[in-house]
Amino acid sequence: QMLQHLPLLMPQPPTITQQSPKNYIVDPRENIVIRCEAKGKPQPRFSWTRNGTHFDVEKDPKVTMRPGSGTLLIDISGEKAEAYEGVYQCMATNEHGTALSNNMVIRQSRSPLWSKERNEPVLVQEGAPLVLQCRPPAGLPPPVIFWMDNSKLRQDERVSQALNGDLYFSNLKVQDTRSDYICYARFPHTQTIQQKQPITVKVLSSNPVGERRPSFVVPTGASSSKMVLRGDVLEMECIAEGLPTPSITWRKEGGDLDSSRTSFKNFHKTLRIVSVTEADAGVYRCTASNHLGSVHHVITVTVRAAPYWVKAPKNLVLSPKETGVITCQATGDPKPDITWLINGILIANPSRKVEGDSLTFTDVQTGSSAVYQCNASNEYGYLLANSFINVLAEPPRILTAPDKVYQVITNTAAFLDCASFGSPVPKITWFKDGQNSALAGDRYEMHENGTLEIRAVLKLNSGRYTCMAMNALGNRENHVYLEVKEPTRILMQPEYKVVQRNRDVVFECKAKHDPTLVTVMTWLKDNEELPEDERKGFSLRLTINDVTEGDEGTYTCIVNTTLDQDSASARLTVVGTDTGLSDAEQPDPPKDLELTDQRERSVQLTWIPGDDHNSPIRKFIIQYEDALHHPGIWKNLTEVPGTKTTAYLKLSPYVSYTFRVLAVNEVGFSKPSTPSRQYITKPAAPDENPSEVQGAGNEHNNLIISWKPLTGFQSNGPGLQYNVSWRQKDVEKDWTSVTVANVSKFVVSGTPTFVPYELMVRALNDFGSAPEPRVVIGYSGEDLPTAAPDGVQVLVQSSTLAEVRWEPIPLRTVRGRLNGYNVYYWKERSLHGHHTKHHKEQRVLTFSGNRTHGKLPGLEPFSRYALNVRVVNGKGEGPASSRQQFETPEGVPGLPVFLEVIKPTLDSLTLEWGPPSERNGILTGYTLKYQTLNGTELGQLKEISLDSNQTTVTLLNLKYSTRYRFSLSANTAKGEGPAATREAVTIVDEGVNRPLACSWTHRTLSMTLSSLFFCFEATCLLNTFLSIFDARVCLVPVTLSAVLVVIVACALNFETFSNIIDAIIDNYCFRETLLGKEDWKKELVNGSQSYLIKGLKAGMSYRVRVVAKDQSDVTVHTMASRQVDIATQGWFIGLMCAIALLILVLLIVCFIRRNKGGKYPVKEKEDAHADPEIQPMKDDDGTFGEYSDTEDHKPLKGSRTPSNGTVKKDDSDDSLVDYGEGGDVQFNEDGSFIGQYSGRKERDTAEGNESSEAPSPVNAMNSFV
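Remember, it's a predicted structure, so these values are computed and weren't measured experimentally.

In this section: a nonpolar patch on the surface. Side chains of W1131, L1135, M1136, I1139, I1143 and L1147 sit close together on the surface and give an oily, nonpolar patch of about 510 Å² of accessible area. Its location among the elements puts L1135 in helix α4 (residues 1130-1154).

Structure representation (structure tokens):
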């Protein structure tokens, strides 16, 4: 214990603190790291041996040693890892000695290829057994074997894999026929999988094998034997063939299987025992049976043991001339040989006496500090322990903080600390308030570590205590202070309440406490925190307004201080309202209480009920006061029905009883009755023992036995004490006992680390003892684990998930209760070739219990990670396992950092983006997708693949004044990542003076010899690009030299209207008719979809037309304002067109009135001479029908006129056929119309009778012409 307080500035020989495992298998793809860390004063220097000879690190350029450490880093790039295989040992040396590490065997992991073989098809009859051999290549470590066909092969009681990897069929079925039985070997260290050549199995049904009793395939014969090492895992298997499929059972001869360490695997064919002990040796019998019979196999298990510590040597601090002993107790099977070394050299010094497992030092001298090695070895392994002898001459030092204040409650135990260091070991003495005599007596106990325990402290024990540490070189003292406080006690407890619904209730709780302590009062309902409710208010009292049935329950008042607490509870019962009891009241209290039939532990209580006030009494509650132990506090004793007036009460010894009775009806409680006379019972021995007996240590070498004390009511008499007994389970036969009073725990010192103890605590008083208490199992204190998990493996399951596996450490090295394993993992770098700039914090996942695997989620793809595993017990963590590195595969990349559209032109857009910040792999390129966007309609989706080093692209030959939607995603070999999206619009003119830009498409065309009517649809964008709307524009030539412009379904202001007219005239060939012809300049563009016009003059207006099969004109403006006269202004032309529209409406009205009630002449001729090729078409056969109002509300959709000029119904939901009449239309090269108007037949009589249709504007125009 003194060594635990050894100051860091004191001279100290080296101590190995961290080293690599004894058997260290390295990944040939990674650099080799061999760990060796040590501490000491002065700082140790390090050296290495390899294969028993000195290893000169400086001469090998591939090997470096970490500064201030002995850890070796071996760079194997350009080298083979085999060159560095061997046995390594580290030595840490300073002027006080040399410490040795274990021998670390470094071997390279190997995953050899499968030997070439040719597997002939296996032909076997149905029902017969079959064995498919795997015979994997020998790897280091051995591979994990699994079988697959087109997927993971399903195994069951009939088909299963043996421990050696072979696949066994107890009996074959026709469905077992396959051509692809493949055995795989997965090598964990290199993360590689080797595959055996597929095996073809064909099950024949021509001569099936019949039913038969079981016989064992593995193991063969009637018996076998198996040897296993202590602490290892024992696996035994029995695989049988037979038909029907046999079932397997196991049992141990002359004993039971330990269920905590035993499990059955492989459909009960494998028996697995972990952490093997000598008790697992014996005879095991496996039985295979079906309805035809059974067969047995006997396996004899022998347990051997590599050396393990019974008592490991510990460091020793001696003063000059002193004598000391280092003990090295190890055992094993066979018994190990013990060898002693000093600083790595065999001992040869008369001052040291070697006697088996002990090393004795006599008359040590200053300067003789050294490190001693104890080596315990047998044929199955070895143990190597370093323990130093530090010869120091140091006066005492007290390590406990000075003037520390301890606060305790009266009648509890106080522990005053005095941690010290010195050489020789100081003697500790305690004094109080400056007195010269040391503290002694039954009330005081001195612990080995210097702590003073005062049992059942009283107020008079308050004061200043002095701790004196003395040795031959001096003395040192320290002062601490003890303050004894009054206990916290509830004086007024909350009372039982029965309250009507929607009324208020109040619980009161008053307590007394030490005035120097701050109290906090808490209220609970049914042992849980009170729910937040505005109806409840509480401090010293709890008030509940408008109670409901949900408020019913037990309410507890808890008064806390920093040192103790007290609590009391009461029940709230909520009753419903009853209109029939409106005049009812609470009952009067019972009266005339009388005690009869008085005995030692019982008495009969009678009373007379009070007036029930129109509500029958439901029950009586009998309460008592114990004036001897809890004066002034009334507690519920029992309840009786409201029809009874007598109660037989069971009593406890050594209690001064006073009784009272309360009556309860539907309204509530009565007031308590007048108390009865006092009745005192005689003392007796306790009836019960303390409850909640527990045993646990808070140090590695102690055991604290605790219990819940009996109350004064339970004591049954004066002089209450506790007899505490303990013994080490399965080791000690005799109990050790001590009797204590007024305490609730007892500390047993000098115990081994974490061993089970049997415990008993019995109550006794001046009149005898309680009955025999039950035995409780407790454990002494825990210490930090000494071993790190071995066999740590990482199985990467995806780019973001990995599974880590490890072998459980031997239970003896846990040195405590196994709480689980902590897996620490962190990202070392990305695999893009550059180190991570900001190393992420080390993360830890805890896997509870004796787990041997766990999953690590949330990993970053395409990164190198490292991890280690540590076992956790109640004391803390053990040493870390060897660091394991693993790499996550590529994943899909993240979102591009940005996507912007720059440099928009008439027919092109340039996109610029930033590579994704989370590449998650090696970028293989980008995928760009884009399509036009017209309102809610999307155009054809186009896709472009781009290089990975590209961050800009220019898209040419786009449509002008068109909105596009772009999505860009990055790609890796794993796939395509999420896409960044952006929308942009190509422009005609970037100038601010262009108020309107329109994209026009032919909508519907219709013509006759006498009239011309055609419509267009435009999607118009204001120059602010903040407003998008649709307009339908119809141009109706009234004469050969005049055009009437009609705006349909477009609610626009006058300025916008004039701009549309302006755009129409500027964009179509009718301008030649209205404004006259001009000379055109021509340029050949060779089929290109864009062309740059140069040499334009500022302020001038130009017309541009593109001639292919048709013609179209577009006016393009320069940045200067347009200079035109009023005749070319849109508003003027719009005004003129509006006047023309008004005239047209008047003409239509006139001709309707003129022709009302008669047929048109032309119509009669058409009816008489109908063209057979132009037949009327009705709605029910897919033709165009007559105009109806409902069709006006159909959504407007873009459409194109077919090249043959025919307008089909499916091509347009909204054509001139819907408004008037239509037919075939043809175009001349100059844009004029050729064709003949075809009349529309009248609807049949049935349809015509349904409604009277007004003539359409086109019909009126036809009649006029």
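This part takes up the pattern of salt bridges. According to the stated counting rule, one finds 40 salt bridges in the structure shown. With its nearest N and O atoms 4.0 Å apart, the salt bridge here joins R660 to E495. Note that R660 is positioned in strand β62 (residues 656-664) and E495 in the loop between β47 (489-492) and β48 (497-500), a separation of 165 residues in sequence. Of the residues examined, E495 reaches a relative accessible area of 43% and is grouped as partly exposed. Residues R762 and E772 are paired through a salt bridge, measuring 2.3 Å at the closest nitrogen-oxygen approach. Of the two residues, R762 is situated in strand β69 (residues 756-765) and E772 in the loop between β70 (768-769) and β71 (776-779); the sequence distance between them amounts to 10 residues. By relative accessible area, E772 is classed as exposed at 56%. If you follow the salt bridges from partner to partner, you end up with R251, E253 and R285 in one network.

Moving on, we get to the state of the cysteines. Here is the idea: a disulfide is a covalent bond, and it sits between the sulfur atoms of two cysteines. A complete count under the given rule lists 6 disulfides for this structure. Across a sulfur-sulfur distance of 2.0 Å, C36 and C90 are joined as a disulfide pair. Its S-S torsion of approximately -70 degrees makes the covalent link between C36 and C90 left-handed. In this pair, C36 is assigned in strand β4 (residues 36-41) and C90 in strand β9 (residues 86-94), connecting sequence segments 54 residues apart. Exposure class is identical for C36 and C90. Each is buried. Note on cysteine connectivity: C418 is disulfide-linked to C467, with sulfurs 1.6 Å apart.

With numbering aligned to this structure, UniProt lists the feature "transmembrane region" (unreviewed entry) at residues 1005-1026, 1033-1054 and 1131-1152. Span residues 1131-1152 is 100% helix and 0% strand, its end C-alpha atoms 32 Å apart.

This part takes up the packing of aromatic side chains. Considering all chains together, one arrives at 22 aromatic pairs under this definition. When the centroid spacing of 4.9 Å and the interplanar angle of 75 degrees are considered together, the rings of F361 and Y372 count as edge-to-face. Here Y372 lies in strand β36 (residues 370-378) and F361 lies in strand β35 (residues 358-361), a separation of 11 residues in the sequence. Of the two residues examined, F361 and Y372, each falls in the buried class. Ring plane angle 55 degrees and centroid distance 6.3 Å describe the contact between Y930 and Y964, whose orientation is recorded as tilted. Of the two residues, Y930 sits in strand β81 (residues 925-934) while Y964 sits in strand β85 (residues 963-972), which places them 34 residues apart along the sequence. The class of Y930 is buried, set by a relative accessible area of 10%. Taken together through their ring pairs, the aromatic side chains of Y624, Y657, F659 and F713 make up a single cluster. Over the aromatic face of F55 sits the side chain of R50, whose NZ or CZ is 5.9 Å from the ring centroid.

Between K41 and the following residue, P42, the backbone shows a cis peptide bond with an omega angle of 5 degrees. Position of P42 among the secondary structure elements: in the loop between β4 and β5 (45-50). Of note, the amide linkage connecting D333 to P334 takes the cis form, showing an omega dihedral of 0 degrees. By the element assignment, P334 lies in the loop between β31 (329-333) and β32 (337-342). With phi around 55 degrees, D403 is a residue other than glycine that occupies positive phi space. In this structure, D403 sits in the loop between β38 (394-398) and β39 (404-409). You will see that N742, though not glycine, has its phi angle at about 60 degrees, which is positive. Note that N742 resides in the loop between β67 (736-740) and β68 (745-749).

This part covers the side chain of K196. Relative to the assigned elements, K196 resides in the loop between β18 (192-195) and β19 (199-204). Here E117 takes part through its side chain, which lies 2.4 Å from a polar atom of the side chain of K196. Apart from residues no more than four positions distant in its own chain, K196 is found in contact with W114, E117, N119, Q133, C134, I182 and C183.

Adjacent strands of a sheet form backbone hydrogen bonds with each other and so pair up, either parallel or antiparallel. Taking strand neighbours across the sheet as the criterion, the 3 strands line up as β40-β44-β43 in an open arrangement whose pairing is antiparallel. Unpaired on one side and paired on the other, β40 (414-416) and β43 (444-446) mark the two borders of the sheet. Averaged over neighbouring strand pairs, the angle between their axes works out to 20 degrees when direction is ignored. For β43 and strand β44 (residues 452-454), the ladder comprises 3 bridges, and the chain directions are antiparallel. Counterpart to Y444 in the pairing with β44 is I454.

Moving on to the sheet that holds β68. The antiparallel open sheet is built from 3 strands, whose spatial order is β64-β65-β68. Across the chains shown, the open sheet's two edge strands, defined by having one partner strand only, are β64 (691-696) and β68. The sheet shows a mean angle of 10 degrees between the axes of neighbouring strands, direction not considered. Here 4 bridges tie β64 to strand β65 (residues 702-708), and the two strands are oriented antiparallel to one another. Within β65, the residue paired with A696 across the bridge is I704.

Considering every residue of the protein chain, the mean pLDDT works out to 79; 78% of them sit at 70 or more. Every residue in residues 1-5 is under pLDDT 50, and counting partners more than four places away or in other chains gives 15 contacts. Confidence drops under pLDDT 50 across residues 989-1077; counting only partners more than four residues distant or on other chains, this segment forms 220 contacts.

Attention now moves to the environment of Y757. Here Y757 shows up in strand β69. The spatial distance from the C-alpha of Y757 to the C-alpha of G695 is 7.9 Å, given a sequence separation of 62 residues. When near neighbours in sequence (up to four residues on either side) are disregarded, Y757 contacts L703, W726, R727, Q728, K729, T751, P752, V776, I777, G778 and S780.

Right, let's talk about the nonpolar core for a bit. Residues I32, I34, W48, I74, Y88 and I106 are the most contacted members of the largest nonpolar core, which totals 25 residues. Taken together, the elements giving at least two residues each to this core come down to β2 (23-26), β3 (32-34), β4, β5, β8 (72-74), β9 and β11 (104-108). Residue contributions to this core peak at 3 residues, all from β9. In contact with I34, not counting residues within four places along its chain, are S20, Y24, W48, G70, T71, L72, I74, Y88, M104 and I106.

Secondary-structure assignment places T519 in the loop between β50 (510-512) and β51 (520-525). Residue class for T519 comes out partly exposed when judged on its relative accessible area of 30%. The spatial distance from the C-alpha of T519 to the C-alpha of Q565 is 8.9 Å, given a sequence separation of 46 residues. The residues touching T519, leaving out its near neighbours within four places in the chain, are H513, V559, N560 and T561.

The rules we used
- Each chain has its residues counted from 1, running along the sequence as written.
- Totals for whole chains, interfaces and linings use every residue, but because this is a predicted model, local features are given only for residues with pLDDT of at least 70 and side-chain atom pairs only at 80 or more, for both listing and counting.
- Only hydrogens and water are set aside when side-chain values are computed; all heavy atoms of the structure are taken into account.
- A patch consists of residues whose relative accessible area exceeds 30% and which take part in no salt bridge; residues with like charges are grouped when within 9 Å of each other, and nonpolar side chains (Val, Leu, Ile, Met, Phe, Trp, Tyr) when within 5 Å.
- Surface accessibility in these figures is a Shrake-Rupley result with a 1.4 Å probe; residues are shielded only by whichever protein chains are displayed.
- A pair is scored as a salt bridge if a Lys or Arg side-chain nitrogen falls within 4 Å of a carboxyl oxygen belonging to Asp or Glu.
- Only runs of H or I of at least four residues qualify as helices and only runs of E of at least two qualify as strands under DSSP, and these elements are numbered from the N terminus.
- Three labels apply to residues, based on accessible area from a 1.4 Å probe with only protein chains included: buried if under 20% of the type maximum, exposed if over 50%, partly exposed otherwise in between.
- Pairs of cysteine sulfur atoms within 2.5 Å are what we label disulfides.
- UniProt positions are given in the numbering used here, feature names are shortened, and annotations may be inferred rather than shown by experiment.
- A pair of aromatic rings is counted whenever rings of Phe, Tyr or Trp (Trp by its six-membered ring) have centres within 6.5 Å, and the orientation is called stacked for planes under 30 degrees apart, edge-to-face for over 60 and tilted otherwise.
- Counting as a charge over the ring demands two things of the Lys NZ or Arg CZ atom: a distance within 6 Å of the ring centre and an angle within 35 degrees of the ring normal.
- Polar contacts, as used here, are pairs of N or O atoms within 3.5 Å; protein pairs need one atom able to donate a hydrogen and one able to accept it. Residues neighboring in sequence count only if both atoms are side-chain atoms.
- It only takes one pair of heavy atoms within 4.5 Å for two residues to be counted as in contact.
- Strand pairing is assigned whenever DSSP detects at least two bridges linking the two strands.
- Fitted lines through C-alpha atoms give the axes, limited to the stretch in contact for helices. The angle between two N-to-C directions lies from 0 to 180 degrees.
- Each residue carries a pLDDT score, the predictor's confidence in it, ranging from 0 to 100.
- In plain words, nonpolar cores are sets of buried Ala, Val, Leu, Ile, Met, Phe, Trp, Tyr and Cys residues tied together by side-chain atoms within 4.5 Å.

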